[in-house]
Amino acid sequence: MLKLLSSKWLKVPVFLLCLGPLGIVGWRALNGDLTANPIEFITHATGDWALRFLIITLAITPLRIILGLPELIRFRRMLGLFAFFYACLHFSTWLVLDKFFDMSEIWKDVIKRRFITVGFSAFLLLIPLAITSTAGWIRRLGGKRWQALHRLIYVSAILAVIHYYWLVKSAIIRPLTYAALLAILLLFRIIVWFWFTKRHPKPTPALPV
Ligand code: HEM
């Protein structure tokens, strides 16, 4: 298992797998099978996958610790970028196919419809994370600052779940399931952080002589 996870070739099938949801939408489009409301279908499919990839990305660290598989970290960046990729497709579908670049309509929606306001904020927060996801940016910002910045992924995921919860009319089970998953992932981090700081308190700085 360890050998498989550290193989440099494994990234290729994982990458192709992540493109699967887009492939399915493309295939259905080619076969004229995008339901009676194609724009709604694409918006929902891309929104669902943006949220799923956000949750999967956040699950990497807990899984590394629980399963004792540190190599899983190699896939975190790719998964996070796929979350951003599907969020971009989701946003573009709304911007181009739904709103036809009508700036006044877009602005009205962003300000007046609360589920759009939080969805838009969730999307905006992912932009600096995608930009600074490279090794060069980690070096430039320094590990600590980079980590602090990348904690924004939690804020983005929370806003995305609120976005989903506010847009559904009655079927609240799915947004609530995402909310529960996110809560478990957040709780895990808090427990690990608490345990770590209790077990390994920072050494008291040496007093000046
Ligand atoms: C990280 C960013 C975002 C995530 C993870 C996300 C996620 C989702 C999810 C899960 C759905 C529901 C899909 C379903 O019902 O199966 C959805 C629907 C939708 N989202 Fe987003 N979204 C994001 C950002 C945005 C942005 C920026 C906009 C537009 C400004 C937007 C507009 C919409 C619209 C119009 C719908 C469909 C609403 C309806 O059916 O009435 N989303 N989104």
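Residues numbered from 1 in each chain as written. Predicted model: local features only at pLDDT ≥ 70, side-chain atom pairs only at ≥ 80, totals over all residues. Heavy atoms only, no water.

Participant: In this structure, what is going on with the site of the ligand? I would like to understand it.
Facilitator: Close to the ligand lie 20 residues; His 44, Asp 48, His 90, His 163 and Leu 167 are nearest. In the environment of the ligand, an oxygen atom lies 2.9 Å from a nitrogen or oxygen atom belonging to the side chain of Asp 48. For the ligand, a nitrogen atom lies 2.7 Å from a polar atom in the side chain of His 90. At the level of elements, α3 (38-67), α4 (76-98), α6 (114-131) and α9 (152-167) are the ones that each hand at least two residues to the shell around the ligand. The greatest single-element share of the shell around the ligand, amounting to seven residues, is contributed by α6. In the shell around the ligand, the residues fall into 13 nonpolar, six polar and one charged. (Near = heavy atom within 4 Å. Polar contact = N/O pair within 3.5 Å; in protein donor to acceptor, adjacent residues only side chain to side chain. Helix = DSSP H or I, 4+ residues; strand = E, 2+ residues; numbered from the N terminus. Nonpolar A, V, L, I, M, F, W, Y, C, P; charged D, E, K, R; others polar.)

Participant: Hey, could you run me through the coordination of the iron atom of the ligand in this one?
Facilitator: Put simply, a metal with four donors set out as a tetrahedron has ideal angles of 109.5 degrees, and one with six donors set out as an octahedron has ideal angles of 90 or 180 degrees. Each protein donor to the iron atom of the ligand is listed here as His 90 (NE2) and His 163 (NE2); together their distances run 1.9 to 2.1 Å. Accessibility expressed as a relative area gives 15% for His 163, which makes it buried. (Donors = N, O, S within 2.8 Å, 3.2 Å for Na, K, Ca; no water. Buried < 20%, exposed > 50% of the residue type's maximum accessible area, 1.4 Å probe, protein only.)

Participant: Which parts of the structure should I look at to understand the environment of Val 192?
Facilitator: If you trace the backbone, Val 192 turns up in helix α10 (residues 173-199). What makes Val 192 partly exposed here is its relative accessible area of 29%. Counting along the chain gives 155 residues from Val 192 to Asn 37, while the straight-line C-alpha distance between them is 45 Å.

Participant: Help me out: how do you make sense of the packing of α9 against α10 in this one?
Facilitator: Relative placement of two packed helices is described by the angle separating their axes and the distance separating the axes. Between α9 and α10, the shortest axis-to-axis distance is 9 Å and the interhelical angle comes to 160°. It follows from the interaxial angle that α9 and α10 lie roughly antiparallel. Judged by the sense of rotation from one axis to the other, the crossing of α9 with α10 is left-handed. Two secondary-structure elements touch here, α9 through Tyr 154, Ala 157, Ile 158, Val 161, Tyr 164 and Tyr 165 and α10 through Arg 174, Pro 175, Leu 176, Tyr 178, Ala 179, Leu 182, Leu 185, Leu 186 and Arg 189. Its residues placed into classes, the contact of α9 with α10 shows 13 nonpolar, no polar and two charged. (Axes fitted to C-alpha atoms, helices over the stretch in contact; angles between N-to-C directions. Parallel < 35°, antiparallel > 145°, perpendicular 65-115°, else oblique. Left-handed = near helix turned anticlockwise from the far one by under 90°. Contact = heavy atoms within 4.5 Å.)

Participant: Explain the environment of Leu 167 to me, please; I cannot follow it from the model alone.
Facilitator: Among the structural elements, Leu 167 can be located in helix α9. Relative accessible area serves as the criterion here: at 27%, Leu 167 is assigned to the partly exposed category. Put simply, Leu 167 and Arg 113 are 54 residues apart on the chain and 9.5 Å apart in space, counted from C-alpha to C-alpha.

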